[in-house]
Amino acid sequence: MNRVIAVFTKESFLVPAVAIILGLLTGAIAMLAGGFNPIDAYTALLKKVFGNAYNFGETIRQITPLIFTGLAVAFAFRTGLFNIGAEGQFIVGMIASTVVGVSFDLPAIIHAPLAIIAGAVAGGLWGAIAGYLKAARGVNEVITSIMLNWVALYFANWVMNAFFIPAGKQTSEEVKDSAIITIGWLAEMFDNARLHWGTLIAVLAAIFFYIILWKTKSGFELRSVGLNPHASEYAGMNVNRNVVKAMFIGGMFAGIGGATEILGVFHYQAIMTQHTGYGFDGIAVALIGGNTPFGVILAAILFGVLTFGASGMQFSAGVPFELIRVVIASVIFFVAAHGIVKMFIKPILKKKKEGGN
Amino acid sequence: MNSVKKVVEMRGITKRFPGIIANDSITLSVGKGEIHALLGENGAGKSTLMNILFGLYQPDEGEILINEKVVQITSPKIANDLGIGMVHQHFMLVETFTVTENIVLGNEPKNGLKIDIQSAEKAVEKLSNQYGLKVDPRAKIQDISVGMQQRVEILKTLYRGADILIFDEPTAVLTPQEIHELIEIMHNLVKEGKTIILITHKLKEIMAVCDAVTIIRRGKVIDSVLVKDTNPDDLAAKMVGREVNFRVDKTEAKPKDTILAVEKLTAMGNRGVNALNNLSLEVRAGEILGIAGVDGNGQSELIEVLTGLRKATSGRVLLNGKEITNQSPRNISESGLSHIPEDRHKRGLVLDFTMSENMVLETYFHPTFCKGGFLDYGAIDKHAAKLIEEFDVRTPSIYTPARALSGGNQQKAIIAREVDKNPDLLIAAQPTRGLDVGAIEFIHRRLIDQRDQGKAVLLLSLELDEVINLSDRIAVIYEGAIVGIVDAKSTSEQELGLMMSGGKVMQGGGNDE
Amino acid sequence: MKKVLSVLSVATLSLSLVLAGCGSKPEAQPQGQTGSNGGAPAAKAIKVGMVTDVGGVNDNSFNQSAWEGLQKLQTDLNLPKENVNYLQSKSDADYVPNLTQFVKDGWDLTWGIGFLMGDHLKKVADENKNAKLAIIDAEVDAPNVASVLFKEHEGSFLAGVVAAKMTKSKKVGFVGGVDIPVIKRFDLGFEAGVKAVDPSIQVIKVYTGAFDKPDMGKSTASSMYGQGVDIIFHASGGTGDGVFNEAKDRKAKGENVWVIGVDKDQSLTFGDEITLTSMVKRVDEAVIRVAKDLSEGKFKGGVQWLGLAENGVGLADTSTKNVPEDVLKLVEEYKQKIVKGEITVPDK
């Protein structure tokens, strides 16, 4: 039995790992085709990320929202839903935390948590809209959540313009100091990189993700509904309620991500001319992470390192950073097409098996 | 037999999967023009063996000879080239394509770059006439019956030049009439020089069509005999490993209070017309009430209304005198009703959940398993281990996903779960569908045990034998209403058959509308 | 044949642009070296970096213009090629780390390109008081930051004059990116120029809300041209690419429509069959100017406004191709009036 578990865990780990390597190789080929030296490029990428404390800190800053949106997508996926709306949920989380952060004057011990909770609830409700439409009207959540992304974007700009942005400015007033969750001493250690409590909250959220899905009654229902709604209905579970619940919880993760981005990184909200992109990257993060909380953290780290390091690649090796998108896209491709990856690792597995016998 | 050329010989085939030896040095030998049955319970290793022959799996040990030559079958393509074709249990057809398109798919006659559909149609028609496989080459798959689709599968293998045809449980999806036609087709194929390997666990079919039979039990060959030298009892004993009783032994029922009362129930079917019309019936403690009827006369809808999965438009359902009409499935379940659903994959199990989780699918929220919103996996696992032991569910572990179990063991697990709820009323819908003899016997025994413990049992089955054997009383359903209730001891297939087809017969104690 | 040629030329053009963008390794030119021997030999080999906004370095607009300025600076001062470099920003969150990268690496001057970077640049400047930074299009109040702003309204006024003289339908359009003070200056200057020539001409204005959405630019232009507008002046960065595309499509169908480009001479990118003229913002000149100040030890923080008088804005030299001489003469007259202060162009 142990052997069975070992084989499965190995493969579930091996496939994304090999997919990542294949993705990097594909990127390297693209670089060679463009006349760049891939080794220099990847070295530059790693140097950028790990080269100094500031950039390392900023990489962590880059990773944090990806964990949140990755969890948001993965959670819904576990319940059989495809949450494309993490972007919108992220944005309404930003709005709510800005509103609370700017409008109230409270002791820090209350203010910051309140602003984060506001972001969580806002993101959750935004997700629940898509969940409700699915449950009550049978509207595909993919469509509604995509549309809600745009609604959120323009809604955010309207709210900011109408209430929070002084005339002639592009950014809202700063949130009150009491709502800010930047970790001063840590930021100082990292040479003023924008480090904040959100990273810790992201890790806690991943643990929460695990506990709620695999340890609680609610999680049992959510997973059951995700895997087989018919059997769940037969077993007396309320399928529709669970759909709404799953989208709410998923949205909460994204909403907290948006809130910590405001409270920890920017301290104000700017007019957005485009989506933040974190929600969409979250889909890929969830996919590469196999929709498990630990996998999401690892995938977010990968994503964060690649995207943040990309500018180093361009800076020191002259490789246009669009190429890192080629790498990321290839990784996603190889994870999705795990059949191809399995073909590559088959000889390895076989050898291992023979060796084991 | 010895004079006949061996077309397939598999020698000492062994195939191991993690935790299980699916095939343990199996030897199989099939002569030309033979219909050779591969008999065994679910999970005995028949399908694995045939998948090896078809190139889907590689054996760990052993060799294969086709037409007396050693071959390496590393892919279905090679199997094809060797003249081996497989008719799968679950058809692999493109629903929106025509019969011809499906048959030539991947092997299309070309006219330049275009598919030459006309010559393809001609080829299909020719094959169809040669082997007596009647199909309309231009019909779309989605528009033709299941039996017809199976013929398309057979034609597909023939079109690719197969001489050795493997049929995987071909009758599981067919109506009696279609089964009859299939047997005819098999005879035709053999007459035209083909060889057939038939995977089955149905003894009747083997006796009807096969020349020889190889019996497999738990991955090993038990025996290989000629059909003319054997009989169903003998085969069953070899398959299951002990004597099998086809007749269900049971004592006289001692019915007591009415547990379930259904009064003038009406409900809509999926097509928007009434599937139930003023249906009334009663089930009492200590009896099994069987419902007989031709499929599609409201059986499924009746059960769905009783269990809360479908809304009644009028009428009442009383459980122990308490009204449960249109309550939620959970309320009904908690009021003392257990339900073995007719589709165990769709309703009965979450296939990707572990066995342990499946065993508490309806009871996970009970205080025994759930404290303050958190599940007590210790208690859940203990519960599962107990049931699996008690009901002899063969699973590598309680953490194995339900998907990995054979159909019989899945069904045993469901019955274990439902019986363990200690219900007043147990509804069993098609409880033995697709199961082998051993599992059927086990399940029948359990249902009677429930009756003897004073539970009310409502049995719904499309197998008339089963209804007659198990029930104490039989209610016949026709067009959404009970057309008569008869005593199981004194009725006959003929009488039931007449009622099932709509001919009304009044019989003692019937409380039809 | 003509079509094939134009496709080819566009292809080569865009290819060369892509290469220019990726390259950052211009070949050492022998002439440049000899030429610079006589130049300012005392100047130290400064390192100048720039951070683009989300438009990126190939935006056919001010990011690209700034980068071209830096490349020119490199040849002018005969600097090693690694002494000028740029970092592209993918989102708002990248501004601070990108600016910080140059600062921490000890670059002598770090440019932030674009209004959107103002607050971020301020933060970096405050955290690194010894570093020298500069920004285009925004006022940053810090002693170590040089803020360069342009009197876009003055240049846009001249574009308005051209539009007013050239329109046949008496309707001209303005496509703005985001409604911010800089873009407002384009808008107001353009309108003032149009009205100065002929107050009866209608000016239709749309702000798309984005600098990086060519699709929105195209649909906006489509509806404007559909309303009878025949000349569009855009001040919308990459969004404007869509305006050019729409014009190109319509031109191919025989409609007589024009675009007035912005920031740099966009006829070089989109062809002079649709580009009437361009309101050039000499971002490249500004970049060079401040950097040269630095290399001569004359860098100082504070705001500098570059207008017609300072040659910071104006119409592209290629305007002669499509704009008749008499119109250009009129433009020159207005220019002199503005320079002399006889006309004050509104900017708010």
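Please read these numbers as outputs of a predicted model, since none were measured by experiment.

1. Comments concerning the UniProt feature "transmembrane region" (unreviewed entry) in chain A
Residues annotated in UniProt with the feature "transmembrane region" (unreviewed entry) correspond here to residues 12-39, 59-77, 84-104, 110-133, 145-165, 195-214 and 323-345 of chain A. The span residues 59-77 of chain A shows a helical share of 100% and a strand share of 0%, and its end C-alpha atoms are spaced 27 Å apart.

2. Things to note about the pairing of strand 7 (residues 202-207) of chain C
All names here are of chain C. Judged from the six bridges that link them, strand 6 (residues 171-176) and strand 7 form a sheet pairing that is parallel. Across the sheet, Val172 pairs through a bridge with Val203, a residue of strand 7. Regarding topology, helix 7 (residues 181-197) serves as the crossover connection from strand 6 to the parallel strand 7, and that connection is right-handed.

3. Details of the interface of chain B and chain A
Counting residues at the interface gives 28 residues for chain B and 20 residues for chain A. Both sides of the chain B and chain A interface together cover about 2200 Å² of buried area, and 65% of this is carbon and sulfur. Together, Arg347, Phe353 and Tyr364 of chain B form the three largest contributors to the area buried by chain B at its contact with chain A, with a combined 24%. Viewed at the interface, chain A and chain B are joined by two salt bridges. With a closest N to O distance of 2.7 Å, Arg347 of chain B and Glu233 of chain A form a salt bridge. Taken together, the connections running from chain B to chain A amount to 17 residue pairs in polar contact (both at pLDDT 80 or more). Every element with two or more residues in the side of chain B that touches chain A is listed here: helix 10 (329-334), helix 11 (344-348), strand 20 (374-375) and helix 14 (407-420) of chain B.

4. Points about the sheet that holds strand 2 (residues 20-31) of chain B
All names here are of chain B. As summarised here, the arrangement of the four strands in space is 2-1-4-5, forming an open sheet in which the pairing is antiparallel. The open sheet has two edge strands with one neighbour each: strand 2 and strand 5 (69-71). Neighbour-to-neighbour, the strand axes of this sheet turn through a mean angle of 25°, independent of strand direction. Sheet analysis places strand 4 (residues 61-66) next to strand 5, joined by three bridges and oriented antiparallel. Bridge pairing in strand 5 places Ile64 opposite Val71. Along the sheet, helix 1 (residues 46-53) contacts strand 1 (6-17), strand 2 and strand 4; its crossing angle with strand 1, the most-contacted strand, is approximately 115°.

5. Points about the sheet that holds strand 9 (residues 258-263) of chain C
Residues and elements named next belong to chain C. Judged by pairing direction, the sheet is mixed, and its six strands sit side by side in the order 7-6-8-9-10-12 without closing on themselves. The open sheet terminates on both sides in strands that have one partner only, identified here as strand 7 and strand 12 (313-315). Adjacent strand axes in the sheet meet at a mean angle of 15° when their direction is disregarded.

6. Quick word on the domain arrangement of chain C
Residues and elements named next belong to chain C. Here the domain parsing of chain C yields domain 1 (41-150 + 283-306) and domain 2 (152-280 + 316-340). A straight line from the C-alpha centre of domain 1 to that of domain 2 covers 28 Å. At the junction of the two partners, domain 1 supplies 13 residues and domain 2 supplies 14 residues. Of the roughly 1100 Å² buried at the junction of domain 1 and domain 2 (both faces included), carbon and sulfur atoms supply 57%. Sorting the residues of domain 1 by area buried against domain 2 places Asn60, Phe115 and Phe150 first, and these three jointly supply 42% of that buried surface. Our count for the contact surface shared by domain 1 and domain 2 stands at two residue pairs in polar contact (both at pLDDT 80 or more). Sorting the residues of the side of domain 1 that touches domain 2 by element identifies helix 3 (62-76) and strand 5 (145-150) as the ones contributing at least two each. No other element matches helix 3, which puts four residues into the side of domain 1 that touches domain 2. Each residue belonging to the side of domain 1 that touches domain 2 can be placed in one class, and the counts come to six nonpolar, four polar and three charged.

7. Observations concerning the UniProt feature "domain: ABC transporter substrate-binding protein PnrA-like" (unreviewed entry) in chain C
According to UniProt, the feature "domain: ABC transporter substrate-binding protein PnrA-like" (unreviewed entry) maps to residues 47-347 of chain C in the numbering used here. Regarding residues 47-347 of chain C, the helix share stands at 42% and the strand share at 20%, and the terminal C-alpha atoms are separated by 35 Å.

8. Notes on the interface of chain A and chain C
With 30 residues of chain A in contact, the opposing surface of chain C contributes 33 residues. Between chain A and chain C lies a buried interface of about 2700 Å² when both sides are counted; carbon and sulfur atoms form 51% of it. Connecting chain A to chain C are one salt bridge. Viewed at the interface, chain C and chain A are joined by 11 residue pairs in polar contact (both at pLDDT 80 or more). Of all elements in the fold, only helix 3 (53-78), helix 11 (239-266) and helix 13 (293-317) of chain A reach the threshold of two or more residues within the side of chain A that touches chain C.

9. As for the environment of Ile141 of chain B
Residue and element names in this part refer to chain B. Its location among the elements puts Ile141 in the loop between helix 4 (117-131) and helix 5 (146-159). Considering only alpha carbons, one finds Ile141 and Asp472, 331 residues apart in sequence, at a separation of 42 Å. Discounting chain neighbours no more than four positions away, the residues touching Ile141 are Leu93, Val94, Glu95, Phe97, Thr98, Val99, Asn102, Gln149 and Val152.

10. Quick word on the layout of surface pockets
Counted as a void, the second largest pocket has a volume near 870 Å³. Around the second largest pocket, the lining is made up of 43 residues, and of these Gln170 and Thr171 of chain A together with Phe115, Leu116 and Asp119 of chain C lie nearest the centre. Put simply, the parts of the chain that give the lining of the second largest pocket at least two residues each are helix 4 (86-103) and helix 11 of chain A together with helix 5 (118-127) and helix 7 of chain C. Here the residues of the lining of the second largest pocket are counted per class, giving 20 nonpolar, 11 polar and 12 charged.

The rules we used
- Residues numbered from 1 in each chain as written.
- Chains lettered and ligands numbered in written order.
- Predicted model: local features only at pLDDT ≥ 70, side-chain atom pairs only at ≥ 80, totals over all residues.
- Heavy atoms only, no water.
- UniProt positions renumbered as here; feature names shortened; annotations may be inferred.
- Helix = DSSP H or I, 4+ residues; strand = E, 2+ residues; numbered from the N terminus.
- Pairing = 2+ DSSP bridges.
- Right-handed = clockwise from strand over helix to strand, strands pointing away.
- Contact = heavy atoms within 4.5 Å.
- Buried area = accessible area lost by both parts, 1.4 Å probe.
- Salt bridge = Lys/Arg side-chain N within 4 Å of Asp/Glu carboxyl O.
- Polar contact = N/O pair within 3.5 Å; in protein donor to acceptor, adjacent residues only side chain to side chain.
- Axes fitted to C-alpha atoms, helices over the stretch in contact; angles between N-to-C directions.
- Domains from an automatic or database assignment.
- Nonpolar A, V, L, I, M, F, W, Y, C, P; charged D, E, K, R; others polar.
- 1 Å grid on protein atoms, 1.4 Å probe; cavity = no way out; pocket = protein on both sides within 12 Å on 5 of 7 lines; lining within 4 Å.
- Points joined across faces, edges and corners; volume = space filled by probe spheres on them.

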